[in-house]
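# A look at the structure
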Amino acid sequence: MIRSFLTVSSGTLASRLLGFARDSIIAALLGAGAVADAFLVAFQMVNVVRRLLTEGALNAALIPAWLRLRETEGAAAAAAFAGRVLATISAALIVASVLIGLLMPLVIAALAPGFVGRETLELAVSNARLMLPYLAFAGPVTVMMGLMNAQARFALTAFSPLLFNIALIAVMAVLLVWRGDAEHAAMVVAATVGIAGLLQLSILVLRGGRAATPLRISFDKDMRDFLGKAVPGMVASSAPQWLLVAGAVIASKSPSAVSWLYFANRLIELPLGIVGVAMGTVLIPEMTRALHSGDRNAIARVESRGLELAVGLALPATLGLIVLSDPVVRILFEHGAFAAHDATATAHALTWLALGLPAHVLVKALSPAFFAREDTRTPLLGALTAIVVAIVAAFLLRHSFGTRGIAAGITLGAWSNALYLIRKGGATFGFAIDTEARDRLPRICLAALAMGALLWLLQELAPLATGSRGPAQIVLLFVVILAAMASYGLFLKLFGVIGWREAVAAIRQNRAA
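Every value quoted in this text rests on a predicted model; they were computed, and no experiment measured them.

Cut-offs used in this document
Counting restarts for each chain, with residues numbered from 1 along the sequence as it is written. With the structure being a predicted model, the display of local features is reserved for residues of pLDDT at least 70 and the display and counting of side-chain atom pairs for 80 or more, all residues being used for whole-chain, interface and lining totals. Just so you know, side-chain values use all the structure's heavy atoms and leave hydrogens and water out. Each helix is a run of H or I in the DSSP string that is no shorter than four residues. Each strand is a run of E no shorter than two, and both are numbered from the N terminus. Any two residues whose heavy atoms approach within 4.5 Å are treated as being in contact. Note on classification: 1.4 Å probe, protein chains only; a residue is buried when its accessible area is under 20% of the maximum for its type, exposed when over 50%, partly exposed between these limits. Residues scored as charged are limited to Lys and Arg (positive) and Asp and Glu (negative), so that His and the chain ends carry no count. Within this document, salt bridges are pairs made up of a side-chain nitrogen of Lys or Arg and a carboxyl oxygen of Asp or Glu, the two lying within 4 Å of each other. A 3.5 Å cut-off defines polar contacts: any pair of N or O atoms within that distance qualifies, except that in protein one atom must be a possible hydrogen donor and the other a possible acceptor, and neighbouring residues in sequence count only when both atoms are side-chain atoms. Note on scores: pLDDT gives the predictor's confidence for each residue, bounded by 0 and 100. Buried Ala, Val, Leu, Ile, Met, Phe, Trp, Tyr and Cys residues form a nonpolar core when they are joined through side-chain atoms within 4.5 Å. To count toward a patch, a residue needs a relative accessible area over 30% and no salt bridge; like charges are then connected within 9 Å, while nonpolar side chains (Val, Leu, Ile, Met, Phe, Trp, Tyr) are connected within 5 Å. Accessible surface area values rest on a Shrake-Rupley calculation with a 1.4 Å probe, where residue burial reflects the displayed protein chains alone. By convention, the point assigned to a charge is CZ for Arg, NZ for Lys, CD for Glu and CG for Asp. For a helix, the expected span equals 1.5 Å multiplied by the residue count minus one. Centre distance within 6.5 Å is the pairing criterion for rings of Phe, Tyr and Trp, where only the six-membered ring of Trp is used; planes under 30 degrees apart are then read as stacked, over 60 as edge-to-face, and the remainder as tilted. Fitted lines through C-alpha atoms serve as axes, helices being fitted only where they are in contact, and the angles separating the N-to-C directions of these axes extend from 0 to 180 degrees. Angular relationships are summarised with four words: roughly parallel below 35 degrees, roughly antiparallel beyond 145, roughly perpendicular across 65 to 115, and oblique for the angles in between. Each crossing gets its handedness from the near helix: less than a right angle anticlockwise from the far helix is left-handed, clockwise is right-handed.

A few words now on the overall build of the chain. Across its full length, the chain holds 22 helices and zero strands. Within the chain, contacts between residues separated by at least 24 positions form 85% of all contacts whose residues are at least 6 apart in sequence.

Below is the structure:
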């Protein structure tokens, strides 16, 4: 499991780093005004669908069903089932894209009610309609990635999203040189989104198209049952993105607030992607196999290792983002049209959003226990509860604390989701944590706190938040981050959590398996 986790994490890390480059260029091109708010609301809508479909969400329903068919009826039956899923979902998304395009003014008004009566609404509608073709490609991408994950072919699904960001970065680099107006640049980038989706689909079909044959659209009872499980699971798996949408509903009433929240959340998505998406991709098939075997020890082992990975990577990331929020935001985004006051507001939002990162990762660690049991209803209810909590809290806190209050509302929503799953899981089937996890988890927390204290000291001694944002400061920030990571590994070893030899042995053991 560790080897698969590292494969998915590596691909997700590469994709997130390219995403930072993409968003840094977006900030330079569009700044944080009305044009940026309009573009980012539209892009956020498509991005939620992209995450909902392609980043492990469909695993919640597809993998258990596909594995069960392959074991009971053979590979041909499993491929036929996959072909029906592929064709049906693709057809449904094409129809949905057409309907959404026709109703786009109403959709944007619901997502950003603060835009109503302003030119920003028309800009957002135009951008969103140009992005809609991506949805037609997202359907087959979804199924192909799910099938490859079910076959433990994680490398291609982990690295294929790179094409999405590469295409957008290439186009935006040309726009930066061209230096046209921001509104025109936003339209060009919006139109590129569909082309980027086509590139990702092409590589997946070329490498794994035979896993879903023959293609046939079907809405029979079996397919309706599958979709009935898949849709709630996909919504639940995308809870962090839905919470950001909930925040944007409130933020749309304040100029530039949508942009500040978006760019702050992009920094949250780096550790969330590395840990959360990888865990959702790897843990669901591992948990499904453990449940099918009926081995309680295997179930406890999967749950325990998943929780250790979640806590061990989420806590230091949270502390790092809080301590380094200001210099990281300024170095990444304070360029071109993105001014100093925009960077300050984004850093403040990031501090509050970072407090919700452990909750997001806990949800990613806890949800596979429900998904592997083909229970998508409980995670869905948790996600819906979180959205309500986020909207209410953001609305109440915005009046006193502005964008920081909206970010705090999103964090409260994330924690309500995590606590809901903990309570429901304990009452329904009980989370089985082995003795090794009970011993290591407190040590992991201590190591993370020690790293956080050291990072705060380094940040105080190094002039990261002042001076120019030239190469010297970038190198200094990189050195501080590397020093914090190295110290965390040292603290893990000192506190007896795990040593380098044990980590290497675990990876080799998984490679041999």
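There is more to say after this.
With respect to the helices and strands, aspartate 342 occurs in helix α16 (residues 340-354). One buried charge, aspartate 342, has no salt-bridge partner; the nearest side chain with opposite charge is arginine 330, at 9.5 Å. Here alanine 339 takes part through its backbone nitrogen, which lies 3.0 Å from a polar atom of the side chain of aspartate 342. Sequence-distant contacts of aspartate 342, defined by excluding residues within four places in its chain, comprise Ala32, Trp260 and Ala337.

Time to look at the environment of alanine 36. Examined against the element boundaries, alanine 36 turns out to sit in helix α2 (residues 34-54). Spatially, the C-alpha atom of alanine 36 lies 8.3 Å from that of alanine 182, the residues being 146 residues apart in sequence. Once residues lying within four places of it in the same chain are set aside, the contact partners of alanine 36 are Leu30, Gly31 and Ser259.

Across the chain, pLDDT averages 81, with 84% of residues at or above 70. Segment residues 503-513 is flagged for pLDDT under 50; beyond a separation of four residues in sequence, or across chains, it makes nine contacts in the model.

We now examine the nonpolar core. Counting 112 residues, the largest nonpolar core has Phe39 and Ile108 as the members making the most contacts within it. The contact partners of isoleucine 108, leaving out residues within four places of it in the chain, are Val41, Pro113, Phe115, Leu121, Ala124, Val125 and Ala128. Counting 30 residues, the second largest nonpolar core, distinct from the first, contains Leu69, Ala150, Ala230 and Met234.

The backbone of serine 256 sits at a positive phi, close to 75°, despite the residue not being glycine. Its location among the elements puts serine 256 in the loop between α12 (239-251) and α13 (257-293).

Taken together, the side chains of Glu119, Glu122, Asp181 and Glu183 define an acidic patch exposed on the protein surface. Mapped onto the elements, aspartate 181 comes out in the loop between α9 (162-178) and α10 (182-208). With a relative accessible area of 48%, aspartate 181 lands in the partly exposed category.

Okay, the side chain of serine 97 next. Along the chain, the position of serine 97 falls in helix α4 (residues 75-102). Taking relative accessible area as the criterion, serine 97 reaches 11% and is therefore assigned buried. Apart from the residues within four sequence positions on either side, serine 97 is in contact with Leu132, Leu135 and Ala136.

Before going further, it helps to examine α12. In a regular helix each residue adds 1.5 Å, so 13 residues correspond to 18 Å; α12 covers 18 Å between its end C-alpha atoms and thus fits that length. Taking burial as the measure, the 13 residues of α12 include twelve buried ones, the bulk of the element. When we look at burial in α12, the residues that qualify are Ala239, Pro240, Gln241, Leu243, Leu244, Val245, Ala246, Gly247, Ala248, Val249, Ile250 and Ala251.

This next bit is on the pattern of salt bridges. Here the structure, examined in full by the defined rule, presents eight salt bridges. A salt bridge links glutamate 269 to arginine 266, with the shortest nitrogen-to-oxygen separation between them at 2.4 Å. In this pair, glutamate 269 and arginine 266 are both assigned in helix α13, three residues apart and thus about one turn of the helix distant. As far as the burial class goes, glutamate 269 and arginine 266 line up, both buried. Here glutamate 436 and arginine 440 are joined by a salt bridge, their closest N and O atoms 3.2 Å apart. Linking glutamate 436 with arginine 440, this pair stays in helix α20 (residues 435-461), spanning four residues, or about one helical turn.

With that settled, the discussion passes to the packing of aromatic side chains. Under the defined criterion, the tally for this structure stands at eight aromatic pairs. Summarising the aromatic geometry, the rings of tyrosine 134 and phenylalanine 164 are spaced 5.5 Å apart at their centres and angled 70° between planes, so their arrangement reads as edge-to-face. On the criterion of sequence distance, the pair formed by tyrosine 134 in helix α7 (residues 133-150) and phenylalanine 164 in helix α9 is long-range, its members being 30 residues apart. Aromatic ring contacts, followed pair by pair, group Phe39, Phe43, Tyr262, Phe263, Phe333 and Phe338 into a single cluster.

This part is about the packing of helix α14 (residues 296-323) against helix α17 (residues 357-371). In a packed pair of helices, the relevant descriptors are the angle between the two axes and the axis-to-axis distance. Interhelical geometry of α14 versus α17 gives an angle of 165° and a closest axis separation of 8 Å. Taken together, α14 and α17 sit at an angle that is classed as roughly antiparallel. Pair α14 / α17 crosses with right-handed handedness. Where α14 approaches α17, its residues Glu303, Gly306, Leu307, Ala310, Ala314, Leu315, Ala317, Thr318 and Leu321 are matched on the opposing element by Leu357, Pro358, Val361, Leu362, Ala365 and Ala369.

The subject of this paragraph is the environment of arginine 216. Positionally, arginine 216 belongs in the loop between α10 and α11 (221-237). Residue arginine 216 is classed as partly exposed on the basis of its relative accessible area of 46%. C-alpha separation for the pair arginine 216 and leucine 86, spaced 130 residues apart in sequence, amounts to 8.1 Å. Once you skip the residues sitting within four places of it in the chain, arginine 216 turns out to touch Gly83, Arg84, Ala87 and Thr88.

On the surface, a nonpolar cluster with roughly 710 Å² of combined accessible area is contributed by Ile94, Val95, Val98, Leu99, Leu102, Leu103 and Leu106. In terms of residue count, the dominant contributor to the nonpolar patch is α4 (five residues). Within the secondary structure layout, isoleucine 94 lies in helix α4.

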